[in-house]
Amino acid sequence: MIEKYWFPRCLLFAILFLLLVLVFCGINEAGAQSRIQMQGYIRPVAVDSGKWWQQSRYKNKLRFFNRKYSAVIKPEEDYLLVSFPLEKLDEIEALGFEFYPNSDLIFKSDYQSYPDWPLMKQEIAQLYHQHQNSDLNLYLLGFTDDNYPVYLFILGDLFSGKPVIRITGAHHGDEVISSQVVLAQIKALLQPEHADYLNKFTFLFLPVVNPEGYDNNTRYNNSGIDLNRQYGAGFSSGQSNYPYTSREVRILWRLANKYPAILSLDYHSVAEYVNCVYDYTPFPSADEELILELGSIYAQCADLELIIGFDWYQARGSAQDALYAFLGTFAYTLENLQPQPYEDLIQENVAALFRLLDGVEPLVKCGQVVDQAQTPLTARLQLTNYPRSFYTNDSGWFCRIFPEGDLELQVYSPGYQLEVVDNFSPLESENIVFALTPQLPAADGTVELTPLKLVAFGDNNPYEVFEEENWAADGLGQPDGIYFNLLPGGFVEYDFGFPLLTGENSQIEIVNFSSASQYQVFVRSSRKEQWHDLGVYQANEIIQLPDLSFENFRFIKIMNILSEGEPDSLFALDAIIYRGNINTATDNDGDGFEFSVDCDDNDEQVYPGAEEQCNGVDNNCNLFLDDGFYCYSQFVKFVNEMSCFPDFS
């Protein structure tokens, strides 16, 4: 029997279903709107003359453009060229800005004259195959979240100890001229008349850092992240909660740490600048004079203007700042227009590269850090009064662009005594080798270590409070009375270099002088792991590490959890000291390599020097997937294809 309320119930269900569809479509439409980018000029309604965007009264308002989907592109007279979601127009006007749309600045028409993503992959493949018998090699570094491949060209011998030059394009996917510049520089260096540069340098080329954005002609990747705001120097959590969360950025940062470069050129558009560190702070770097001197060589040759990044506009979490702040790389952001035709512009940048290399070469000196048995060590090196450390690679080799004159150098490797070299004149030295002495353990068998590297710091603007910059790198090394002041809500992360053990004899001492400060401490053993919360502490604390739920850790993060306006709300960090036992003999997967050197100690087929397999895995721990195979041919569509894994293209 048919129930008498059947029809009304069906009608009610139908209405509810229709409402759900409308709501869902409305949400999708709203989400789609957030990807509709407006580009044009802004200025305050009552504008002051000069660089108004550097004045404190406007800085807070301009922080809107550090958020997801929003960016300042370039200044022009009393205007800033900006990009932002369409639905944010009312918010911009409410902040007191006038907006002037300019359709000529939408790059879609220009983009059509440049290679699209499928054609770009073909260009990459063809360039490799045309020069298979040269020093040019093509590697697959990994995949984005949406399975786009990230490619690396290496020109020269990466393991020779020669200084490394890093050149990247398309951090922003719609700045496609940058990829053409990178490919043209590879071709130019392959010409016989330029062979001498390959005897002096090794080159790393990444034509497309952001393949998702390149494919979709957008500044961002498919998750809406501006990759050039995702690095850890002066990071701001406007678009993501923490730096290095984007897979593309993690890939590039692993490359930067494993194969440190002396020089980085990161190509962008659509301005005409040689942009120098720093982007996030107005305080100068110790190397500023030399950085500007070398940058001017490129600027004059390519007809570009030389600037300091912060004098243009503040950009927090940029690649160039992280490369210099954490690794000592002389890093530049090269801004070009995006014309059609573009051949003349590309040739200017090629010529400028060679001129710059000529200027850099006499200032570079390399060396090696070893132990008493001549075994290579991973080490941190720092020139006194130059707070930006530089590092060796896995083979103990280091290179740097050095200032002239006598210097004092400190060399540190975990488990070894700190070596201090007085009257160090690197540019006058022939061979530089430092043989470090092992550190003697205490009577109870424990050792004392400090972090090896600074990884990230952010969510604070210390230059808005202090008359001079204070560096997060001051938290490295032993206590010296030089502090890094962390503002409320800010964080800093350090890397000890290899995993340290927890247990009864293990402890961490946080050396600081802020008696009323409150800070939270986290640790983890790898960047893939979630943070372990060790708790909230105050003033100088010694954190005991008894039996915990985890056996080891490598990274430590400290957050100032006080609020602005509270007494003694600054957290002044002097040093972080670990005291405990070190057991580098742990070999979880039984492949004969300890966890301190094994890039995956849970896979017996992965270890340094393993035979590379065609499986989408970095078996030999050199950072490259399936090197020696044509596995990645599935993604670039050239001959001799091998079906190693699915075609994600």
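Residues numbered from 1 in each chain as written. Predicted model: local features only at pLDDT ≥ 70, side-chain atom pairs only at ≥ 80, totals over all residues. Heavy atoms only, no water.

**Let's talk about the overall build of the chain**
So, point 1. Counting secondary structure elements, the chain contains 14 helices and 30 strands.
So, point 2. The buried share of the chain, reckoned over its 649 residues, is 56%.
So, point 3. For the chain, long-range pairs separated by at least 24 residues make up 70% of all intrachain contacts whose partners lie at least 6 apart in sequence.
So, point 4. Taken as a whole, the chain presents about 27,300 Å² of accessible surface, with 49% of it coming from carbon and sulfur. (Helix = DSSP H or I, 4+ residues; strand = E, 2+ residues; numbered from the N terminus. Buried < 20%, exposed > 50% of the residue type's maximum accessible area, 1.4 Å probe, protein only. Contact = heavy atoms within 4.5 Å. Areas by Shrake-Rupley, 256 points an atom, 1.4 Å probe, with all protein chains shown as cover.)

**Focus: the pattern of salt bridges**
So, point 1. Considering all chains together, one arrives at 13 salt bridges under this definition.
So, point 2. Notably, a salt bridge pairs R219 with D226, separated by 2.9 Å at the nearest N-O pair.
So, point 3. Linking D287 and R400 is a salt bridge whose minimum nitrogen-to-oxygen distance equals 2.8 Å. Of this pair, D287 sits in the loop between β11 (273-276) and α10 (288-302) while R400 sits in strand β17 (residues 397-401), and the two are 113 residues apart along the sequence. Across the pair, R400 and D287 agree in class, each one buried.
So, point 4. Taken together, the salt bridges that share partners define one network made up of E175, R219 and D226. (Salt bridge = Lys/Arg side-chain N within 4 Å of Asp/Glu carboxyl O.)

**Observations regarding the packing of helix α5 (residues 117-130) against helix α6 (residues 177-189)**
So, point 1. As a packed pair, α5 and α6 sit with axes 12 Å apart at the nearest point and diverge in direction by 10 degrees. Compared by their axis directions, α5 and α6 come out roughly parallel. Contacts between α5 and α6 involve M120, E123 and L127 from the first element and S179, Q180, L183, I186 and K187 from the second.
So, point 2. Here the residues of the contact of α5 with α6 are counted per class, giving 4 nonpolar, 2 polar and 2 charged. (Axes fitted to C-alpha atoms, helices over the stretch in contact; angles between N-to-C directions. Parallel < 35°, antiparallel > 145°, perpendicular 65-115°, else oblique. Nonpolar A, V, L, I, M, F, W, Y, C, P; charged D, E, K, R; others polar.)

**Things to note about the side chain of S240**
So, point 1. Along the polypeptide, S240 turns up in the loop between β9 (233-235) and α9 (247-258).
So, point 2. Among the polar contacts made by the side chain of S240, one reaches the side chain of Q230 at a distance of 2.5 Å.
So, point 3. A polar contact of 3.3 Å, which involves the side chain of S240, links it to the backbone oxygen of Y242.
So, point 4. What S240 contacts, discounting residues up to four positions off in sequence, is I225, Q230, F235 and T245. (Polar contact = N/O pair within 3.5 Å; in protein donor to acceptor, adjacent residues only side chain to side chain.)

**Things to note about the state of the cysteines**
So, point 1. Evaluated as defined, the whole model comprises 1 disulfide.
So, point 2. The partner cysteine of C366 in its disulfide is C399, sulfur to sulfur 2.0 Å. Torsion about the S-S bond of the C366 and C399 cystine: about 105 degrees, corresponding to right-handed handedness. Separated by 33 residues along the polypeptide, C366 in strand β14 (residues 364-371) and C399 in strand β17 bring together distant segments of the chain. (Disulfide = S-S within 2.5 Å.)

**With respect to the sheet that holds β9**
So, point 1. The 6 strands are arranged β9-β22-β24-β29-β26-β27 in an open sheet whose pairing can be described as mixed. Sheet topology places β9 and β27 (532-537) at the edges, where each strand pairs with a single neighbour. Strand-to-strand twist of the sheet, defined as the mean angle between neighbouring strand axes without regard to direction, takes the value 25 degrees. (Pairing = 2+ DSSP bridges.)

**Here we look at the packing of aromatic side chains**
So, point 1. Counted under the stated rule, the structure contains 40 aromatic pairs.
So, point 2. A ring pair is formed by F64 and F65, whose centres lie 4.9 Å apart and whose planes are at 85 degrees; its orientation type is edge-to-face.
So, point 3. Three or more aromatic residues joined by ring pairs make a cluster, and in this case those are Y231, Y244, W253, Y278, Y280, Y324, F326, F330, F457, W471 and F484.
So, point 4. The lysine or arginine in question, R400, covers the ring of F402, its NZ or CZ lying 6.0 Å from the ring centre.
So, point 5. Looking at K453, its charged tip hangs above the ring of Y391, at a distance of 5.0 Å from the centre. (Phe/Tyr/Trp six-rings, centres within 6.5 Å; stacked < 30°, edge-to-face > 60°. Lys NZ or Arg CZ within 6 Å of the ring centre and 35° of its normal.)

**Quick notes on the confidence of the model for the chain**
So, point 1. Scored by pLDDT, the chain has a mean of 84; 86% of the residues are at 70 or more.
So, point 2. In this model, residues 10-35 is a region of pLDDT below 50 whose contacts with residues beyond four sequence positions or in other chains number 9 contacts.
So, point 3. Counting interchain partners and residues more than four positions distant, the pLDDT-below-50 stretch residues 631-649 has 51 contacts. (pLDDT = per-residue confidence, 0-100.)

**Points about α10**
Every α-helix winds through 3.6 residues per turn, so residues three or four apart in the chain are directed the same way.
So, point 1. The first and last C-alpha atoms of α10 sit 21 Å apart over 15 residues, in line with the 21 Å expected at 1.5 Å per residue.
So, point 2. Every buried residue of α10 is accounted for by L290, I291, L294, G295, S296, Y298, A299, C301 and A302. (Expected span 1.5 Å × (residues − 1).)

**Digging into the packing of α10 against helix α13 (residues 343-360)**
So, point 1. Two elements in contact, α10 and α13, have axes separated by 8 Å at closest approach and are oriented at 155 degrees. What the angle tells us is that α10 and α13 run roughly antiparallel. For the crossing formed where α10 meets α13, the hand is right-handed. Mapping the contact onto sequence places L294, I297, Y298, C301 and A302 in α10 and E348, N349, A351, A352, L353, R355, L356, G359 and V360 in α13.
So, point 2. Classifying every residue of the contact of α10 with α13 by side-chain character gives 10 nonpolar, 2 polar and 2 charged. (Left-handed = near helix turned anticlockwise from the far one by under 90°.)

**Brief notes about α13**
So, point 1. Helix length check: α13, at 18 residues, gives a terminal C-alpha distance of 26 Å against a target of 26 Å (1.5 Å per residue), a fit within 8%.
So, point 2. All buried positions along α13 are accounted for by L345, I346, N349, V350, A352, L353, F354, L356, L357, G359 and V360.

**Details of the sheet that holds β17**
So, point 1. Strands sit in the order β17-β14-β20 across an open sheet of 3 strands; the sheet is mixed. The sheet is open, and its two borders are formed by β17 and β20 (432-436), each paired with just one other strand. Here the average twist between neighbouring strands, direction ignored, is 25 degrees.
So, point 2. Across 5 bridges, β14 lies against β17 in antiparallel orientation. Each bridged residue has a counterpart across the sheet, and for C366 the counterpart in β17 is C399.

**With respect to a negative patch on the surface**
So, point 1. On the surface, a cluster of negative charge is contributed by E272, D303, E343, D344 and E348.
So, point 2. With respect to the secondary-structure elements, E272 resides in the loop between β10 (263-268) and β11.
So, point 3. Taking relative accessible area as the criterion, E272 reaches 41% and is therefore assigned partly exposed. (Patch = residues over 30% accessible without salt bridge, like charges linked within 9 Å, V, L, I, M, F, W, Y side chains within 5 Å. Lys, Arg positive; Asp, Glu negative; His and termini not counted. Charge placed at Lys NZ, Arg CZ, Asp CG, Glu CD.)

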